[in-house]
Amino acid sequence: TMKLSCTSVMLPHWTLDETFEKLAEYGYDAVELRCRFNPDEQDSEPSFWGHHLSDVSPDNVIEKTDAIRAAARRSGVRVAALAPNCLLDDDETVRKLFNGALAIDPDRPPMVRIGAPRHDRTQPYIPQFLAARSGFADLVEIAREYGVKVLYEIHVGTVAVSAARTIELLRDLDPDHIGAIYDVPNMLRVGLEDSRMGMELLGPYLAHCHMGNGIPVTDERDE
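Analysis parameters
Residues numbered from 1 in each chain as written. Predicted model: local features only at pLDDT ≥ 70, side-chain atom pairs only at ≥ 80, totals over all residues. Heavy atoms only, no water. Helix = DSSP H or I, 4+ residues; strand = E, 2+ residues; numbered from the N terminus. Buried < 20%, exposed > 50% of the residue type's maximum accessible area, 1.4 Å probe, protein only. Lys, Arg positive; Asp, Glu negative; His and termini not counted. Salt bridge = Lys/Arg side-chain N within 4 Å of Asp/Glu carboxyl O. Contact = heavy atoms within 4.5 Å. Expected span 1.5 Å × (residues − 1). Arc of directions from axis to C-beta. Axes fitted to C-alpha atoms, helices over the stretch in contact; angles between N-to-C directions. Parallel < 35°, antiparallel > 145°, perpendicular 65-115°, else oblique. Left-handed = near helix turned anticlockwise from the far one by under 90°. 1 Å grid on protein atoms, 1.4 Å probe; cavity = no way out; pocket = protein on both sides within 12 Å on 5 of 7 lines; lining within 4 Å. Points joined across faces, edges and corners; volume = space filled by probe spheres on them. Nonpolar A, V, L, I, M, F, W, Y, C, P; charged D, E, K, R; others polar. Core = buried A, V, L, I, M, F, W, Y, C linked by side-chain atoms within 4.5 Å.

Trainee: Could you give an account of the side chain of Lys 149, with specific residues and numbers?
Mentor: Here Lys 149 is to be found in the loop between α4 (125–146) and β5 (150–153). One buried charged side chain, Lys 149, makes no salt bridge at all; its nearest oppositely charged neighbour is Asp 176, positioned 5.9 Å away. Excluding residues that lie within four positions of it along the chain, Lys 149 makes contacts with Met 111, Val 112, Pro 175, Asp 176, His 177, Ile 178, Gly 179 and Ala 207.

Here it is, written out as structure tokens:
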């Protein structure tokens, strides 16, 4: 059954408690919880990728677990996923995130988004793709050890920007421990393919979906 969640990346002005309370008020089932470091300037203006009042990071997610669990119980809004800024070769941070997910809900831990290095268009593509595939294969074994599930986001600038490339990236990996985020704004920009076909291609790997307010607009060409 599809559940409606909201990413807290878009909610920098709300505290942790406000995030859960307001999402419950607006009818959401779950939250994709931003889990990344605030900038050093603590008095900076809140922004999507900058300062967040909720301030959940890989370093403090364990100590904030009691507050997160209490807010989830009060509101009925569960944590569906953690949204950090973490690459698959950062083993220390990956393990912090996996431990945080288990602390939040040991029976049904939030999924954890982990990325591969961005596609470098100045270098040959296939070696980059194969390195990412190998990295995710290793990561799945760590995820299995912890009992958590990794998310790969199909996104602009990644090594697999379409569902067709993503199924090749994830093929034969355990879908219980890795899945894809089908990102609709990405599909409008670079992942152009039939949406139903793409979702069917992903099959059991289709784990999460991002919907945004992007629309294609005719304009001058950029680089």
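Trainee: Please give an account of helix α3 (residues 91–104) that cites residues and values.
Mentor: Taking 1.5 Å per residue, 14 residues should reach 20 Å; α3 reaches 20 Å between its end C-alpha atoms and fits that length. Among all positions in α3, only Thr 93, Val 94, Leu 97, Phe 98, Gly 100, Ala 101 and Ile 104 are buried. Considered in projection along α3, the buried side chains sweep an arc of 160° and stay on one side of the axis.

Trainee: Residue-level account of the packing of α3 against α4, with values.
Mentor: It is the contact of α3 with α4, at a shortest axis distance of 10 Å, that shows an interaxial angle of 30°. Between α3 and α4, the interaxial angle falls into the category roughly parallel. Crossing handedness for the pair α3 and α4: right-handed. For the pair α3 and α4, contact is made by Asp 91, Val 94, Arg 95, Phe 98, Asn 99 and Leu 102 and by Leu 139, Ile 142, Ala 143, Glu 145 and Tyr 146, respectively.

Trainee: Give a description of the layout of surface pockets that names residues and reports values.
Mentor: Picture a little ball the size of a water molecule; that probe, rolled over the atoms, points out where space is still empty. Taken as a whole, the second largest pocket holds about 190 Å³ of empty space. Along the walls of the second largest pocket sit Val 156, Arg 189, Val 190, Asp 219, Glu 220, Arg 221 and Asp 222, which together make up its complete lining. Of the residues in the lining of the second largest pocket, the class split is two nonpolar, no polar and five charged.

Trainee: Talk me through the nonpolar core; I want residue IDs and the actual numbers.
Mentor: Ranked by size, the top nonpolar core spans 52 residues in total, and within it Phe 20, Ile 68, Phe 98, Ile 114, Phe 136 and Leu 169 carry the most contacts. Here this core takes eight residues from α4, the largest share from any one element. For Ile 114, the contacting residues outside a window of four places in its chain are Cys 86, Leu 87, Leu 88, Val 94, Leu 97, Phe 136, Leu 139, Val 150, Leu 151 and Tyr 152.

Trainee: Go over the pattern of salt bridges with me, naming the residues and quoting the values.
Mentor: Enumeration over the complete set of coordinates arrives at ten salt bridges. Of the charged contacts, one joins Arg 74 and Asp 17 as a salt bridge, the two residues approaching to 2.9 Å between their closest N and O atoms. Here the residue Arg 74 occupies a position in helix α2 (residues 65–75), and Asp 17 occupies one in helix α1 (residues 16–25), the gap between them amounting to 57 residues. What makes Arg 74 exposed here is its relative accessible area of 53%. Relative accessible area serves as the criterion here: at 34%, Asp 17 is assigned to the partly exposed category. As a salt-bridge pair, Arg 171 and Glu 168 come within 2.5 Å of each other at their nearest N and O atoms. By relative accessible area, which is 32% here, Glu 168 ends up partly exposed. A cluster of three or more residues bridged by salt bridges with shared partners is formed by Asp 59, Glu 92 and Lys 96.

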